[in-house]
Protein chains: 2
Amino acid sequence: MRGVNESRKERHIMLIVEYDGTNFSGFQKQANARTVQDVLERAIEKVVKHPVKLQFSGRTDGGVHAVYQVVKFVTSSRMPINSFIPAINSHLPDDVVVKIAREVGCDFHPRYKAKSRVYRYLIDNGKCPSVLMRKYTWHIPNYLNVDAMQEAANYLIGIHDFRSFHASGSNLGSTVRQIFGIKCARRGRFVSITIEANAFLYHMARIIVGTLVEVGLGRIKPLDVKYILEARDRKAAGPTAPAKGLCLVKVKF
Amino acid sequence: MRGVNESRKERHIMLIVEYDGTNFSGFQKQANARTVQDVLERAIEKVVKHPVKLQFSGRTDGGVHAVYQVVKFVTSSRMPINSFIPAINSHLPDDVVVKIAREVGCDFHPRYKAKSRVYRYLIDNGKCPSVLMRKYTWHIPNYLNVDAMQEAANYLIGIHDFRSFHASGSNLGSTVRQIFGIKCARRGRFVSITIEANAFLYHMARIIVGTLVEVGLGRIKPLDVKYILEARDRKAAGPTAPAKGLCLVKVKF
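Residues numbered from 1 in each chain as written. Chains lettered and ligands numbered in written order. Predicted model: local features only at pLDDT ≥ 70, side-chain atom pairs only at ≥ 80, totals over all residues. Heavy atoms only, no water.

1. Points about the overall build of chain A
Quick reminder of the rule: Starting at the N terminus, helices and strands are each numbered in turn, a helix being any DSSP run of H or I of at least four residues and a strand any DSSP run of E of at least two. The reference for a compact globule is 2.2 Å times residues^0.38; the radius of gyration itself is calculated from the C-alpha atoms. Any two residues having at least one pair of non-hydrogen atoms within 4.5 Å are treated as being in contact. Note that accessible areas follow from Shrake-Rupley with a 1.4 Å probe, and for residues the cover is restricted to the protein chains shown. Charge counting treats Lys and Arg as positive and Asp and Glu as negative, with His and both chain ends excluded. In this description, the location of a charge corresponds to atom NZ of lysine, CZ of arginine, CG of aspartate or CD of glutamate.
If you tally the helices and strands in chain A, you get six helices and ten strands. Taken over C-alpha atoms, the radius of gyration comes to 20 Å for chain A, in line with the 18 Å a tight globule of 253 residues would show. Seen along its three principal axes, the alpha-carbon backbone of chain A occupies a region of about 70 × 40 × 30 Å. Here the analysis covers contacts within chain A between residues at least 6 apart in sequence; of these, 71% occur between residues at least 24 apart. As displayed, chain A offers around 12,000 Å² of accessible surface, 50% of which is attributable to carbon and sulfur atoms. Side chains of chain A give 39 positive and 21 negative charges; the mean places of these two sets differ by 2 Å.

The structure is reproduced here in structure tokens:
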């Protein structure tokens, strides 16, 4: 028999969520816009029958996808943990899905406890765009030199001030971040750029990609990326790559 | 200097086309529906400045995709062959693209000269659906036994009367076709079924897939597929798999 205290015990539920960012104005809730957070919170509320506020690992931009976004909510619901997935999914549209649900300690926080985030950017380097992949890739018809891109990327690995790679005016705090690794790889017509960092500045992944593409096209040299980093000036770096090629693929704790 | 005859010479242009079938009512033109043929013909007409009527390799159903549909048109245009791709693509929506353009002889016919068509069906066999692949896969959460599916598929290879695998009432001609090969393969969470045949009856690929899935789920045995084939009765076979998992991947001449 459950006592009153036990039945009201708060439970902390972590979810791993996948979404297609195409028709979302990003993850974070905002007025008059369709956001992943809002869609998720409403679905969870229908299941747990009380208001919830999500914590989450990464604030992805509009058009950016995720196959591994981590969120957490607190609930008084006594629903078995395995029932959360089908229950929440039954209230979600077809461009968001909950893949994993797990009970976690109250000290777990998807943002503050995350040690690193991994983003993958996908480029369609075929002459004509792949129609089936058009919402998940940036189409660049000119051949990219992936070796040169990797050489350039290596200058960015480590603890640096990434001010050159953050959208100007978007952050008042420190612009120092640690990149653990960047891997540029070709597989057939597709080129992927996978970046793992402790955290990302606003647009940082997309500006890094835009700059590495300049290298891949031969417009700048790999070594130039070292000078761009040292310039600490957004104007030194390349353009911001389109959102649709970017995907949050992992959060590590 | 070109003579009058030469300038009016008819040219036969073959195109290889990719499309996302999601928002099309199939390839073939029909009244009051968005079809690939209609969209393509209108784009080509804007380029060549005269009416065209496309010949094509495969009449894909609504929702079925293609990465290699072959079409042909006849034109009096003297545009260089390499200019057709960018010119036509500039008039196409983002769910169709021309990938290859080639001048062919007047006896080339994408349908009658085709020796075989290859269709690939993609199943998402993960517990929760892959959101990013939802428009290109059939989600089946229960684990599929791919070895059993392959064993069953082998009974279908060869020249057979495929009446059990064609949508009833849809064809008055012969239902004999030759399947050159079927390959069932797992790659991670995805299961693909690739079928090469001289030609396909209406819904044939999707009914074969629906039947092989029954085997993969253990509802029927591989040997049952031999009896289903011999029954020559649509009611003996499994359900028709959803259109969205199917893709025309190659036409061989």
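Still more ground to cover, so stick around.
2. Some words on the packing of helix 4 (residues 146-154) of chain B against helix 5 (residues 204-216) of chain B
Residue and element names in this part refer to chain B. Under the convention used in this document: The axes are straight lines fitted to the C-alpha atoms, using for helices just the contacting stretch, and the angles between their N-to-C directions are given from 0 to 180°. Angles are sorted into four bins: roughly parallel if under 35 degrees, roughly antiparallel if over 145, roughly perpendicular if 65 to 115, and oblique for all others. Should the near helix be turned anticlockwise from the far one by less than a right angle, the crossing is left-handed, and should it be turned clockwise, the crossing is right-handed. In the scheme used here, Gly and all other residues not listed as nonpolar or charged are polar, with Ala, Val, Leu, Ile, Met, Phe, Trp, Tyr, Cys and Pro taken as nonpolar and Asp, Glu, Lys and Arg as charged.
It is the contact of helix 4 with helix 5, at a shortest axis distance of 8 Å, that shows an interaxial angle of 135°. When the interaxial angle is binned, helix 4 and helix 5 end up oblique. Of the two elements, helix 4 crosses helix 5, and the hand of that crossing is right-handed. Of the residues in helix 5, those touching helix 4 at A148, M149, A152 and A153 are L212, V213, V215 and G216. Partitioned by chemical class, the residues of the contact of helix 4 with helix 5 number seven nonpolar, one polar and no charged.

3. Let's talk about the relation of the copies chain A and chain B
The operation relating the two chain copies consists of a rotation about an axis and a shift along that axis. Where we set the bar: Least-squares fitting of one copy onto the other uses the C-alpha atoms of those residues that reach a pLDDT of at least 70 in both copies.
Mapping chain A onto chain B leaves a residual RMSD of 0.0 Å; the transformation is a rotation of 180° accompanied by 0.0 Å of translation along its axis. As the rotation angle and translation indicate, the two copies are arranged about a two-fold axis. Using C-alpha coordinates, one finds that chain A approaches the rotation axis most closely at A:M133, a distance of 4.8 Å.

4. Quick notes on helix 3 (residues 81-89) of chain B
Turn by turn, an α-helix covers 3.6 residues, leaving residues three or four places apart pointing in a common direction. Under the convention used in this document: Between buried and exposed lies partly exposed: a residue is buried under 20% and exposed over 50% of the maximum accessible area for its type, with that area taken using a 1.4 Å probe on protein chains only.
Along helix 3 of chain B, the residues that are buried comprise B:F84, B:I85, B:A87, B:I88 and B:N89. Looking at the buried side of helix 3 of chain B, the elements it contacts are strand 1 (11-19), helix 2 (36-48), strand 3 (65-75) and strand 4 (96-104) of chain B.

5. Quick notes on the interface of chain A and chain B
The figure often quoted for interface size is the accessible area lost as the parts come together. Filter applied, for reference: The term buried area denotes the loss of accessible surface (1.4 Å probe radius) that occurs when two parts are joined, taken as the sum for both partners. The working definition used for a salt bridge is a side-chain nitrogen of Lys or Arg within 4 Å of a carboxyl oxygen of Asp or Glu. Polar contacts, as counted here, are pairs of nitrogen or oxygen atoms within 3.5 Å of one another; within protein the pair requires one atom able to donate a hydrogen and one able to accept it, and residues that are adjacent in sequence qualify only if both atoms are side-chain atoms.
With 23 residues of chain A in contact, the opposing surface of chain B contributes 23 residues. Interface area for chain A against chain B, summed over the two sides, is near 1,700 Å², with a carbon-plus-sulfur share of 59%. Counting the surface chain A buries against chain B, the share from its top three residues, A:V131, A:L132 and A:R134, is 35%. Our enumeration of links across chain A and chain B arrives at four salt bridges. Residue A:D94 is joined to B:R134 by a salt bridge in which the shortest nitrogen-to-oxygen separation is 3.3 Å. Viewed at the interface, chain B and chain A are joined by twelve residue pairs in polar contact (both at pLDDT 80 or more). Sorting elements by how many residues they give to the side of chain A that touches chain B places strand 4 (residues 96-104) of chain A first, with four residues. Residues belonging to the side of chain A that touches chain B are distributed by class as follows: twelve nonpolar, three polar and eight charged.

6. Some details on the side chain of B:R11
Residue and element names in this part refer to chain B. Secondary-structure assignment places R11 in strand 1. Within the local environment of R11, its side chain forms a polar contact with the backbone oxygen of S77, the two atoms lying 2.7 Å apart. Separated by 2.8 Å, the side chain of R11 and the backbone oxygen of M79 make a polar contact. Setting aside anything within four residues of it in sequence, one finds R11 in contact with F73, V74, T75, S77, R78, M79, P80, I81, F84 and E103.

7. Notes on helix 6 (residues 222-231) of chain B
All names here are of chain B. Put simply, the test is: Relevant arc is that of directions from the helix axis to the C-beta atoms, nothing else.
Of all the positions in helix 6, only P222, V225, I228 and L229 are classed as buried. Mapping the buried residues of helix 6 onto a view down its axis gives an arc of 100°, with all of them on the same face. Elements in contact with the buried residues of helix 6: helix 4, strand 7 (158-161) and helix 5. Looking one or two residues beyond helix 6, the residue adopting positive phi is R232, at roughly 50°.

8. Some thoughts on the domain arrangement of chain A
All names here are of chain A. Just so we agree on the cut-off: Residue ranges assigned to each domain were obtained from an automatic or database domain assignment.
In terms of domains, chain A is made up of domain 1 (2-104) and domain 2 (116-252). Computed over C-alpha atoms, the centres of domain 1 and domain 2 are 29 Å apart. Across the boundary between the two partners, domain 1 contributes 14 residues, which contact 15 residues of domain 2. A combined buried area of about 1,200 Å² lies between domain 1 and domain 2, and 57% of that area is made up of carbon and sulfur atoms. Among the residues of domain 1 in contact with domain 2, D61, H65 and Y68 are the three that bury the most area, contributing 44% of the side total. Applying the counting rule to domain 1 against domain 2 returns one salt bridge. Linking D61 and R206 is a salt bridge whose minimum nitrogen-to-oxygen distance equals 2.9 Å. At the junction of domain 1 and domain 2, the tally comes to ten residue pairs in polar contact (both at pLDDT 80 or more). Across the side of domain 1 that touches domain 2, the residue classes tally to five nonpolar, seven polar and two charged.

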